[in-house]
Amino acid sequence: MTTPYQKLAATEWTSRLFPGIRSSVYLADDHLLHAKQIMIFEKYRRFYFSDIEAISFSKSNRWIWVSAVWGILLLFSLLWYLGRQPWCYIVGACFCLIFGGLLLSSLFAGPTYVVNIQTAAQIRRLRPVERENKLIKFQEIILPMITAAQQSSTNQTPA
Amino acid sequence: MSAGAFCPICHHVLATTQWNLHEFTVCPNCQAPTRTLVFPAMVRTAGAPHPESRTETEAACFFHSNSRAENVCGSCGRFLCSLCTVAFGSEKLCPDCIYRKRRQSTDPEFRDQAILFDNIALFVLIAPVLCLVYIYFGLIFSALAIAIIIIGWRQQRTLVPRSKYRFILATGLALIEGGGWIALVWLIVWLIQSHPTDFGL
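The model shown is predicted, which means the values in this text are computed figures rather than measured ones.

Rules and cut-offs
- Residues numbered from 1 in each chain as written.
- Chains lettered and ligands numbered in written order.
- Predicted model: local features only at pLDDT ≥ 70, side-chain atom pairs only at ≥ 80, totals over all residues.
- Helix = DSSP H or I, 4+ residues; strand = E, 2+ residues; numbered from the N terminus.
- Rg over C-alpha atoms; globule rule 2.2 N^0.38 Å.
- Buried ≥ 20, exposed ≤ 12 C-beta atoms within 10 Å, placed from the backbone.
- Contact = placed C-beta atoms within 7 Å.
- Pairing = 2+ DSSP bridges.
- Nonpolar A, V, L, I, M, F, W, Y, C, P; charged D, E, K, R; others polar.
- Axes fitted to C-alpha atoms, helices over the stretch in contact; angles between N-to-C directions.
- Parallel < 35°, antiparallel > 145°, perpendicular 65-115°, else oblique.
- Left-handed = near helix turned anticlockwise from the far one by under 90°.
- Expected span 1.5 Å × (residues − 1).
- pLDDT = per-residue confidence, 0-100.

## Some points on the overall build of chain B
Then comes step 1: Along its length, chain B carries 4 helices and 7 strands.
Then comes step 2: Order of helices (α) and strands (β) in chain B, N terminus to C terminus: β-β-β-β-β-β-α-β-α-α-α.
Then comes step 3: For chain B, the C-alpha radius of gyration of 30 Å lies well beyond 17 Å, the compact-globule estimate for 201 residues.
Then comes step 4: Principal-axis analysis of the C-alpha atoms gives chain B an extent of 95 × 55 × 30 Å.
Then comes step 5: Burial status across chain B gives 25% buried among its 201 residues.

## What to know about the overall build of chain A
Then comes step 1: The secondary structure content of chain A amounts to 3 helices and 7 strands.
Then comes step 2: Element order for chain A, N to C, with α for helix and β for strand: β-β-β-β-β-α-α-β-β-α.
Then comes step 3: Relative to the globule expectation of 15 Å for 159 residues, the C-alpha radius of gyration of chain A, 21 Å, shows a markedly less compact shape.
Then comes step 4: Taking the principal axes of its C-alpha atoms as reference, chain A extends roughly 80 × 35 × 20 Å.
Then comes step 5: Every one of the 159 residues in chain A was classed for burial, and the buried ones make up 30%.
Then comes step 6: If you take every contact in chain A between residues at least 6 apart in sequence, the share linking residues at least 24 apart comes to 46%.

## Side note on the sheet that holds strand β6 (residues 112–118) of chain A
Then comes step 1: Across the sheet, which stays open at both edges, the 5 strands sit in the order β7(A)-β6(A)-β5(A)-β2(B)-β1(B) with antiparallel pairing between neighbours. Strands with a single pairing partner mark the edges of an open sheet, and in this sheet they are β7 (123–125) of chain A together with β1 (25–26) of chain B.
Then comes step 2: Relative to β6(A), strand β5 (residues 54–60) of chain A is paired through 7 bridges, and the arrangement is antiparallel. The residue bridging A:Ser58 from the neighbouring strand is A:Val114, located in β6(A).

## Some words on the interface of chain A and chain B
Then comes step 1: Chain A puts 35 residues into the contact, and the matching count from chain B is 34 residues.
Then comes step 2: Breaking the side of chain A that touches chain B down by element, the ones donating at least two residues are β2 (23–27), β3 (31–38), β4 (41–48), β5, β6 and α3 (132–156) of chain A.
Then comes step 3: When residues in the side of chain A that touches chain B are grouped by element, the largest group, 6 residues, is from β5(A).
Then comes step 4: Split by residue class, the side of chain A that touches chain B holds 18 nonpolar, 11 polar and 6 charged.
Then comes step 5: With 3 bridges joining them, β4(A) and strand β7 (residues 113–115) of chain B adopt antiparallel strand pairing. Bridge pairing in β7(B) places A:Phe41 opposite B:Ile115.

## Digging into the sheet that holds strand β1 (residues 6–10) of chain A
Then comes step 1: Strand order across the open sheet formed by 5 strands is β1(A)-β2(A)-β3(A)-β4(A)-β7(B), with antiparallel pairing between neighbours. The open sheet is flanked by β1 of chain A together with β7 of chain B, the only strands paired with a single partner. Pairwise comparison of adjacent strand axes, ignoring direction, gives a mean angle of 25° for this sheet.

## Regarding the packing of helix α2 (residues 117–130) of chain B against helix α4 (residues 165–194) of chain B
A pair of packed helices is captured by two measures, namely the crossing angle of their axes and the spacing between those axes.
All names here are of chain B.
Then comes step 1: Relative to each other, α2 and α4 sit at 25°, their axes nearing to 9 Å. The orientation of α2 relative to α4 falls into the category roughly parallel. Of the two elements, α2 crosses α4, and the hand of that crossing is left-handed. Residues Asp 118, Asn 119, Ala 121, Leu 122 and Leu 125 of α2 form the contact with α4, whose participating residues are Arg 166, Phe 167, Ala 170, Leu 173, Ala 174 and Glu 177.

## A short note on α4(B)
All names here are of chain B.
Then comes step 1: The end-to-end C-alpha distance of α4, which contains 30 residues, comes to 43 Å, matching closely the 44 Å that a straight helix rising 1.5 Å per residue would cover.
Then comes step 2: Looking at α4, one finds that the buried residues are Phe 167, Ala 170, Ala 174 and Glu 177.
Then comes step 3: In this structure, the buried residues of α4 make contact with α2 and α3 (134–155).

## Considerations on the confidence of the model for chain B
All names here are of chain B.
Then comes step 1: The predicted model of chain B has a mean per-residue pLDDT of 87, with 97% of residues at 70 or higher.
Then comes step 2: In the model of chain B, strand β5 (residues 86–88) stands out as the element of lowest mean pLDDT, 81, in contrast to α4, which has the highest, 93.
Then comes step 3: Scored by ipTM, the complex comes to 0.83, with pTM at 0.82.

What follows is the structure, given as structure tokens:
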């Protein structure tokens, strides 16, 4: 019987366009599962709560750069309106809608972090929780579970 | 004790004074604002296990006859010393069983990857169109994709829930591409038969 997994977070939908970037984090009773999709494979990494040594995160400027790229593309999309033809306006509106939507979604998602999870055997980057709102939610869920698991394992260990 | 906590950006070891602070501190190497949450597992005294020597009346480890057995493998029942005991989640197993279970990949707890047949089917359908090979082998690729869909519908064993919509999409595409290829060939044959002179026949 398979372990029931509850999805905690996933990388943004734009990651579907780039192979190897899409990944998700799932929660089970006693571990976290990191599922990374690479073209035709899905690779899994398990992090048992009793084994997690550290979660480190650093502030990153990636969200500023990504927003700047979408903003520049939005400005370029406005150049279609110089065409003074009805079809130019339609194409321009489509591009403005796409890049404007991407810019807004990037801004609303908030600042980015680089998040690493560490056990004695491995250190992995958790891309799905690198946006601030997802990281806060992730911490709220995961920290009590890790603390509880490690307290109980300490209590079980004979002195 | 483990080697310590690392900066997520430059992987430099962070000082213990930077652990579990409520505010961000600067990494001494890359100057990135960093916060590290360290758990008791970091300072667990387990370290490297040292198996104890056994006396004549004590059970021996299956792999080390001089070491005292301290655990029993949860899968095969072999006696194991502390060196040979591998804690895998809540179970204690021997290295042989872990290797065997990972090779067999029948137990979901030991599965570390899954093949995505739906993505393969979509790739088989889309790549020939992009490479213009579809014109020659369109029907073969469509049939291949349908075979992959039929196999993958039951054989795709992902650990996490995965929607079947990609399979349905691939089936639709396969039928359209296969039907389109047959229609294309029929059209070419009909054109040649109805206007043979235009084709130099």
